[in-house]
Amino acid sequence: MDKLSVYNSLTRKKELFEPLNPPFVGMYVCGPTVYGNAHLGHARSAITFDIVYRYLLDQGYKVRYVRNITDVGHLVNDADEGESKVEKQARLEQLEPMEVAQRYYNAYTRDMDAMNLLRPGIEPRATGHIPEQIEAVQKILEHGFAYEVNGSVYFDVPKYHEKFQYGKLSGRDLEQILAGSRSDLEGLSEKRHPADFALWKKASPNHIMRWNSPWGEGFPGWHIECTVMSTKYLGPKYDIHGGGMDLLFPHHEAEIAQSNACNCHQPENMQDEAKYWLHNNMITYEGQKMGKSLGNAISLEEFFSGNHPLLAQAYSPLVIRFFILQAHYRSTLDFSNTALQASEKAYKRLNEGLKRLDGIQPEGKVVAVNEAFEQNLRTFLDDCRAYMNDDFNTARVIARMFDALPVVNQLYKAQGKTFAVEQETFRQFRQAFHKVFYDWLGLKAETEEGQQHEVIDGLMKIIIDIRAEARKAKNWALSDKIRDELSALNIKLEDTPNGTDWYYEK
RNA sequence: GGCGACGUGGCCGAGUGGUUAGGCACAGGUCUGCAAAACCUUGUACGGCGGUUCGAGUCCGCCCGUCGCCUCCA
């Protein structure tokens, strides 16, 4: 494939990617709700669209990448009914809701930075766009696709369905939705139809996050923020909307409906918000879904530190990234310690290969061209491009890098004696490999700081053990020599009844 | 039950109907005082049953199983 194709959830097939207004591309991705630490699911979604972003940039597009931050509290459905998630955490931790949101936003950013994600161009917050959301609700009301009840405003799905098609994204039809939810809840709700959803919700007295509106004090419904913020920064119709498959229904379905109801009066002007809807698949743990109730919801922070009962060790952020990229984004991905350890080793080997590649000096060597090697390196970039063009198949790109690795190793090994490929081929390949590794996949050589700490700890333990043996044997000359020479390196030893501690001191 | 995505060798995972995905593990080899690392080489597969086809992991049907959604959580 010499042109980029993407799988569009809206049409359920791969389509040639053709921006609405080249060279500009607008991309909106559903970001995190900042009331808790980011987990693998957040990582997968963010990394998936980081790849899309990077690749489009590399293709020369001017991309405006918007990823929202949901910091508006909404209702939970368990025992804490009536309290928003953000609020609930605030009470627990005696913090302001916005303080909670900021804290988890910071943590999210920290984790994403660690995995080498490019930051979006705009990260709009729902709470920063309340007036725009109110305005959008008003517009939808004016257009006759919503109704107000007791200070809340609901989207009128059946009314919308008369003119537009509700359910086109998720493949549902209204009758089925109605049939499925008719049994209970009816009558308890202010909604006229079970499929209707809130655009604006009246705040209960104890709801902290609240704003004035034409319908009284309240807060926006879940779906409206994305419609509003995408419209504000990307226009009523833009190129790509991304998110996890779990958001397909009802969130994205509702977004499409809101967008059409708000920005178009008639079906002939239908825009469906975005041209391409991209969805990444979910992550499981040893075949099971992740969830707090199952005890296997592991935060990224815990992966990075290894501080979780289910984790055998710590996994570096880039190993997590690499692991995620080894699968195609539309497949479910199962993780386990063995799977991650496999990725860790593979990633290490790739890094070693890259180091060797950078160390190879092709100049002035005897050339005895190996046709297979030559061919391998020459077709590398085109192969990788074809895989990326095929709906961002990073798994195949990585496999292709491993296919080239033996050649790199051979060239490295034979250096100084023979050089089995044309120098120009080699130079172009090296450049291409860098492009794929750094620019497309967003990988980078592991910083060895963390490893070095471990190494130093290990070294110190060995030294201290040797010294302990020397002291036991009353070999004071050796034990003092160890202490004095360490001291010269600003490493101080302190003998305690429980053993010997060490620390840095200038 | 409905909608969607899937079920590939010991594990993770690509796969556009016809000849090797790849990684990890395992095995053999090179190197090595021994070992490790590194490098080289190799084996093991397509959930089940039918169907289409000269030929199916790849298309069609049914069955079984997994995951997500179907909630005013976002």
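As a starting point, this report considers the structure included with it. These numbers come from a predicted model, not from an experiment.

### Comments concerning the sheet that holds strand E8 (residues 218-220)
Within a sheet, neighbouring strands are paired by backbone hydrogen bonds and run either parallel or antiparallel to one another.
Now for step 1: With respect to topology, 4 strands assemble into an open sheet ordered E5-E6-E7-E8, the strand pairing being antiparallel. Sheet topology places strand E5 (146-149) and E8 at the edges, where each strand pairs with a single neighbour. Taking each pair of neighbouring strands and ignoring which way they run, the sheet shows an average axis angle of 20°.
Now for step 2: Note that strand E7 (residues 197-202) and E8 share 3 bridges and pair antiparallel. Its bridge partner being in E8, Trp 200 is matched across the sheet by Pro 220.

### Things to note about the pairing of E7
Now for step 1: Judged from the 3 bridges that link them, strand E6 (residues 152-155) and E7 form a sheet pairing that is antiparallel. Within E7, the residue paired with Phe 155 across the bridge is Phe 197.

### Considering helix H1 (residues 40-58)
Now for step 1: Taking 1.5 Å per residue as the helical rise, H1 with its 19 residues ought to reach 27 Å, and the 26 Å between its terminal C-alpha atoms agrees with that figure.
Now for step 2: A large share of H1 lies buried, amounting to 15 of its 19 residues.
Now for step 3: Count one or two residues on from H1 and you reach Gly 60, which has phi positive near 95°.

### Concerning the packing of helix H4 (residues 130-142) against helix H7 (residues 224-234)
Now for step 1: It is at 9 Å that the axes of H4 and H7 come closest, and there the two elements cross at 100°. One element, H4, and the other, H7, form an angle in the roughly perpendicular class. Residue-level inspection shows Glu 132, Gln 133, Ala 136, Val 137 and Ile 140 of H4 in contact with H7, the latter providing Ile 224, Glu 225, Val 228 and Lys 232.
Now for step 2: For the contact of H4 with H7, the residue count by class is 5 nonpolar, 1 polar and 3 charged.

### Comments concerning the environment of Asp 239
Now for step 1: Counting through the fold element by element, Asp 239 comes out in strand E9 (residues 238-244).
Now for step 2: Note on Asp 239: relative accessible area 4%, which makes it buried.
Now for step 3: Distance in space between the C-alpha atoms of Asp 239 and Tyr 347 is 33 Å, their sequence separation being 108 residues.
Now for step 4: If sequence neighbours within four positions are ignored, Asp 239 has contacts with Pro 19, Leu 20, Phe 24, Val 25, Gly 26, Ala 274, Lys 275 and Tyr 276.

### A closer look at the pairing of E6
Now for step 1: The alternating pattern of E6 places Ser 152 and Tyr 154 on one face and Val 153 and Phe 155 on the opposite face, and all of these are buried.
Now for step 2: Where E5 lies against E6, 4 bridges are found, and the strand directions are antiparallel. Paired with Val 149 across the two strands is Ser 152, which belongs to E6.
Now for step 3: Counting the residues in the hairpin turn of E5 and E6 gives 2 residues, including Asn 150, whose phi is positive at 50°.

### Notes on the packing of aromatic side chains
Now for step 1: On inspection of all chains with the given rule, the structure shows 23 aromatic pairs.
Now for step 2: A ring pair is formed by Tyr 55 and Phe 392, whose centres lie 6.1 Å apart and whose planes are at 90°; its orientation type is edge-to-face. Of this pair, Tyr 55 sits in helix H1 while Phe 392 sits in the loop between helix H13 (380-389) and helix H14 (394-414), placing them 337 residues apart in sequence.
Now for step 3: A residue is classified by how much of its surface remains accessible, and Tyr 55, at 0% relative accessible area, is buried.
Now for step 4: Its relative accessible area of 4% is what places Phe 392 among the buried residues.
Now for step 5: Consider the rings of Phe 303 and Phe 335, whose centres lie 5.3 Å apart with planes at 70°: the pair is edge-to-face. A residue pair is termed long-range when its members are at least 10 positions apart, and Phe 303 in helix H9 (residues 300-305) and Phe 335 in strand E13 (residues 333-335) qualify at 32 residues.
Now for step 6: One aromatic cluster is present, built from ring pairs that chain together Phe 322, Tyr 347, Phe 380, Phe 429, Phe 433, Phe 437 and Tyr 438.
Now for step 7: A cation over a ring is seen here: Arg 192 above Tyr 147, with NZ or CZ 3.9 Å from the ring centre.

Calculation rules
Residues numbered from 1 in each chain as written. Chains lettered and ligands numbered in written order. Predicted model: local features only at pLDDT ≥ 70, side-chain atom pairs only at ≥ 80, totals over all residues. Heavy atoms only, no water. Pairing = 2+ DSSP bridges. Helix = DSSP H or I, 4+ residues; strand = E, 2+ residues; numbered from the N terminus. Axes fitted to C-alpha atoms, helices over the stretch in contact; angles between N-to-C directions. Expected span 1.5 Å × (residues − 1). Buried < 20%, exposed > 50% of the residue type's maximum accessible area, 1.4 Å probe, protein only. Parallel < 35°, antiparallel > 145°, perpendicular 65-115°, else oblique. Contact = heavy atoms within 4.5 Å. Nonpolar A, V, L, I, M, F, W, Y, C, P; charged D, E, K, R; others polar. Phe/Tyr/Trp six-rings, centres within 6.5 Å; stacked < 30°, edge-to-face > 60°. Lys NZ or Arg CZ within 6 Å of the ring centre and 35° of its normal.

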